[in-house]
Each structure stands twice: as C-alpha cells, then as structure tokens.
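# Secondary and tertiary structure notes
One-letter residues, chain by chain:
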Amino acid sequence: MSRLNLAILLVCGLLVGALAAVAVIPDVRNRVFPEGSTRAVGQALVGGPFTLTDHTGRKVTDQDYRGKFMLVFFGFTYCPDVCPTALQTMAAALEMLGPKAERLVPLFITVDPERDTPEQLAQYVSSFSPKLVGLTGTRPEIDTVLKEYRVYAQKVEDPKSTAGYTMNHSSIVYIMGPDGAYRTHFTHATGAETMAERLAKLL
Ligand code: NI
C-alpha cells in the first residue's frame, strides 16, 4: 500500500468515525447540529423578500405581512382545475380555524403576470374567500419570487385557453412564520381538515 493510499484510508476512517459519533451520541449531535438548526436550513432554502402588487393595485412587500403567518400558494387564474381545488381547500381550512385565522394571511401569487392583472385577480380571489390576497407583478418581480420559493412554472401551448397557452406549475402551499421564515408546507394531497389541524397547532 502506498503512502497516499494509507493517508486516504486514514482520512476516510476518521470521517466515518466522526459521522458515527454524530449519529449515535446525542450530546455530540446537539453540539454539531444545535437545536432549531433544521429550521435555519429551511429559512435559507425557501422564501425571501419580494415586491409585488396586490389585487387592489397596491404595491406590497413581504415586510407588509410581518407579524402574521403567510399561507403562500402559486398559480394562475386561468388554471382549469389544480388552482381552484387548492384555493377551495385553503379557504375551507381558514373557515375551520375560526378566529385563529386572523393570525394568518393567505396569498395567491400568480405565475402568469401577463394575463393576471390586479383587476383579473380581484375578481378571482373574491370567489374563494374575502381574506384571500392576490399578488401579481412585472415579469422580473414574479421571476424573483418564483426562484425564492423554488416554484416550477412553465408556459405550455394550449389552443383552448385564452391567449393560447396554459401554465404547468408546482402546487405546494408554503407556511411562513410571522418573521417571514419558512415553517412547513402542504402538498396538493393535503385536505382542508388536515390543513386546519396542522395550522391550529402552529398558530
Ligand atoms: Ni393551477
């Protein structure tokens, strides 16, 4: 065995030993990954500052919602089924929460700012819940928030839809804390009751 191979073997051995110590010994684990550090990682991965326009035409930033939990869903008003279902679920969960729902603001951010003007959004969001806030913006403003929330959105040709296209997009509902940091998320499969139960525990 060459000296280099021996050195590599030694380093590997040390690494395996260190990883095993972190995995097995709680005290070591707590020192390497202090309590709450998973949330810190989540904060870094999802969310961030944004400047958008709400459905009343008012310029807003993420700072405007500090102090409240944000329920963030991305979609578009011309969506045939995914968005209406998700927004109905969100609205139903808010109803179930009762007065507790005052502690959160549900946001619907468009992935299709070309068609989703504030006027278009105003009509759309009011059909689900008077609490629901629709947000749109310029293409760069929307691109920024999509990137921050790691949302996939892709224009797809569709002759049946207005302007000849539809949008494929991810349908995750993000829950951000009153500090603006990521807390948890729901998938499209989460029902209104489960959503309300989990939110009640957070609020
Ligand atoms: Ni949709």
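Going by the structure above, here's the rest.
What you see is a predicted model, and the numbers here were worked out from it, not measured in a lab.

So, how was this worked out
- Residues numbered from 1 in each chain as written.
- Predicted model: local features only at pLDDT ≥ 70, side-chain atom pairs only at ≥ 80, totals over all residues.
- Heavy atoms only, no water.
- Helix = DSSP H or I, 4+ residues; strand = E, 2+ residues; numbered from the N terminus.
- Buried < 20%, exposed > 50% of the residue type's maximum accessible area, 1.4 Å probe, protein only.
- Donors = N, O, S within 2.8 Å, 3.2 Å for Na, K, Ca; no water.
- Core = buried A, V, L, I, M, F, W, Y, C linked by side-chain atoms within 4.5 Å.
- Contact = heavy atoms within 4.5 Å.

It is worth spelling out unusual backbone geometry at this point. At arginine 150, a position not held by glycine, the phi torsion is positive, near 55°. Note that arginine 150 resides in the loop between helix 6 (139–148) and strand 6 (153–157). For arginine 150, a relative accessible area of 55% corresponds to the exposed category. Although it is not a glycine, alanine 163 adopts a positive phi angle of roughly 70°.

The next subject is the coordination of the nickel ion. Distances from the nickel ion to its protein donors, namely Cys79 (SG), Cys83 (SG) and His169 (NE2), fall within the range 2.0 to 2.2 Å. Each donor residue of the nickel ion lies on one chain, and together they are spaced C-x3-C-x85-H. When sorted by exposure, cysteine 79 lands in the same class as cysteine 83, which is buried.

Our focus in this paragraph is the nonpolar core. Counting 51 residues, the largest nonpolar core has Phe74 and Tyr149 as the members making the most contacts within it. Sort the elements by how many residues they give to this core and helix 4 (residues 82–97) lands first, with seven residues. Not counting residues up to four positions away in its chain, the partners in contact with tyrosine 149 are Val46, Gly47, Gly48, Phe50, Met70, Val72, Phe74, Tyr174 and Met176.

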